[in-house]
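Listed here are the chains, written in short residue letters.
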Amino acid sequence: MQSNCASSLPLPAGRGPGGGSYSPAVSIVMAAKNYARFLPEAVGSVLAQTFGDWELVIIDDGSTDHTPAVARPFLSDPRVRYFRSDTLGQPRAKNLGIGLSRGALVAFLDADDAWEPTKLEKQLAVFTEKLEVGVVFCRRTLMDEDGRPVPAKSETQQLRGSVLPDLFTQNFVCFSSAVVRREVFSHVGAFDPQWDLAIDYDLWLRVAKFHRFDFVDEQLVRYRTGHGNLSKKLRDRVDTAMSIMHRAESRYAVGDAVPAEVIADGYASTCQTIGFVMRAAEPVTSLRWYAHALRWPARRVISLKGMIAGALAAARGRRVQGSPENATVNL
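Treat the numbers as computed from the prediction; the structure is a model and nothing was measured.

J.: Please explain helix α7 (residues 199–208) as it appears in this structure.
T.: Residues that lie three or four places apart on an α-helix share one face, since the helix turns once every 3.6 residues. Of all 10 residues in α7, 10 are buried, a share of seventy percent or more. All of the buried residues along α7 are I199, D200, Y201, D202, L203, W204, L205, R206, V207 and A208.

J.: What is the right way to look at helix α1 (residues 39–47) in this model?
T.: For α1, every residue scored as buried is listed here: L39, A42, V43, S45 and V46. Axial view of α1: buried residues confined to an arc of 155 degrees, hence all on one face.

J.: Would you explain the pattern of salt bridges in this entry?
T.: Where charged atoms from two side chains of opposite charge come close, those side chains can pair. Per the counting criterion, the structure on display carries 19 salt bridges. The salt bridge partner of K94 is D110, with a shortest N-O separation of 3.6 Å. Here K94, found in helix α3 (residues 90–100), pairs with D110, found in the loop between β4 (105–108) and β5 (114–115); they are 16 residues apart in sequence, far enough to count as distant. The class of K94 is buried, set by a relative accessible area of 3%. Its salt-bridge partner being D192, residue R247 comes within 2.7 Å of it at the nearest N-O pair. You can see R247 sitting in helix α8 (residues 234–250) and its partner D192 sitting in the loop between α6 (182–188) and α7, a full 55 residues away along the chain. When its relative accessible area of 6% is taken as the criterion, R247 is described as buried.

J.: Which parts of the structure should I look at to understand the confidence of the model for the chain?
T.: On average, residues of the chain score 87 in pLDDT, and 86% of them are at 70 or above. Throughout residues 1–19 the model reports pLDDT below 50, and contacts reaching past four residues in sequence, or to other chains, amount to 45 contacts. Every residue in residues 322–331 is under pLDDT 50, and counting partners more than four places away or in other chains gives 40 contacts.

The rules behind the values
Residues numbered from 1 in each chain as written. Predicted model: local features only at pLDDT ≥ 70, side-chain atom pairs only at ≥ 80, totals over all residues. Heavy atoms only, no water. Buried < 20%, exposed > 50% of the residue type's maximum accessible area, 1.4 Å probe, protein only. Helix = DSSP H or I, 4+ residues; strand = E, 2+ residues; numbered from the N terminus. Arc of directions from axis to C-beta. Salt bridge = Lys/Arg side-chain N within 4 Å of Asp/Glu carboxyl O. pLDDT = per-residue confidence, 0-100. Contact = heavy atoms within 4.5 Å.

Listed below in structure tokens is the structure:
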């Protein structure tokens, strides 16, 4: 049987499970697996925050690289806590971090991403001003594996308040930007281990049915791309997104708050997204996804235009790798 948590490094008193009664304003959960090369930048961006009343809970989910050694120097800061788990997978590792954290607010930062210095300060100000808000997020910029800026499509308008209909159609919440009130997890649960991909999308749909969202309209997260072979997982990601949407519709009764035409738009737009992403690299595959989107009446004009573009790309015979990180719809 796998253990839930076994610290692989000696931790000072009060930094292990149940140690100490200190409750910071915000807990930052960082699940890491074999990201030793990125961890210093991610943790450094937390240490550089202008808001200092935080704790960082690092869950090393069975890394086989030098993650333990890289994490060790950061433990000199009493706000940083490190735990090693036995390859739980992303959902369980993040849930473990939530369970070990102590703040009234929980922020997430993937170990390959980084924050701008004022991120927490600006987001926590929203929670202070608006007690009814359950989740606060922000915009992002893209960077490549080496930390260089990557051009990105313009982000769509960010939304606040009751966002469930818009969220069903498009997952516009960057995971490493999100800060959540702890009671939200008590209400709707945390990450579902059933999913290996798009775990945040499933969570946000459950949260949005009951809780309000807000955002800071600034690019306060640096999101790393191009190192995870994401394009190879696109089919799995789309299948997962479709399953999540179907479960939200059938089990979570999102249809009570989301009009039928919006639900259809969500399914169609997800197919169109993979069609767009695959158009340059695999135009025939792109055509199939646009054709699949025609099953739903929403966006049929867009689907037909996509099919034409895909056919032209196939005729040209050129193959250019797409950029799935620039796609934003439910992936």
